[in-house]
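Structural overview
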Amino acid sequence: MARRGRCQLPAHDDHPAAEISLPARHQPAFDRGVNCAQAWLANPNPGWLWAGMLVERDLLKSEAARRAFDIGFLSRLHQRLRSPKGGCRQSG
């Protein structure tokens, strides 16, 4: 069971949900990272992964928010790569 006060990563691509060891106050920045990665994964012609990440990340003011964004972003990519469906880029 998830402890209160931690960031939550929803299940995706048949990969289970996860509780991330970040304070819940960082959930908005974490979600922004998750959504940024998901947008890249869902786009058939997304451009460079790092470019999209940096543009969105740089909009955040604090280092703590940028770190939460990075963790959310990489967590969504991890879910895709470790999915039982395989690491193919197409969302399913």
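Basis of the calculations
- Residues numbered from 1 in each chain as written.
- Predicted model: local features only at pLDDT ≥ 70, side-chain atom pairs only at ≥ 80, totals over all residues.
- Heavy atoms only, no water.
- Helix = DSSP H or I, 4+ residues; strand = E, 2+ residues; numbered from the N terminus.
- Buried < 20%, exposed > 50% of the residue type's maximum accessible area, 1.4 Å probe, protein only.
- Phe/Tyr/Trp six-rings, centres within 6.5 Å; stacked < 30°, edge-to-face > 60°.

Below, the discussion takes up unusual backbone geometry. Backbone geometry places Asp-13, a non-glycine residue, at a positive phi of 55 degrees. If you trace the backbone, Asp-13 turns up in the loop between strand S1 (6-9) and strand S2 (18-23). Judged by its relative accessible area of 7%, Asp-13 falls in the buried class. The backbone of Asp-14 shows a phi angle near 60 degrees, a positive value even though the residue is not glycine. Topologically, Asp-14 is positioned in the loop between S1 and S2.

The description of two aromatic rings rests on the distance between their centres and on the angle between their planes. One pass over the full model with this rule turns up two aromatic pairs. Aromatic pair Trp-48 and Trp-50: ring centres 6.4 Å apart, planes at 40 degrees, arrangement tilted. A relative accessible area of 64% means that Trp-48 is categorised as exposed. Residue Trp-50 is classed as exposed on the basis of its relative accessible area, which comes to 52%. Geometrically, the ring pair formed by Phe-69 and Phe-73 is stacked, given 6.1 Å between the ring centres and 25 degrees between the ring planes. Residue Phe-69 and its partner Phe-73 are located together in helix H3 (residues 63-81), separated by four residues, close to a single helical turn. Here Phe-69 matches Phe-73 in class, with each residue buried.

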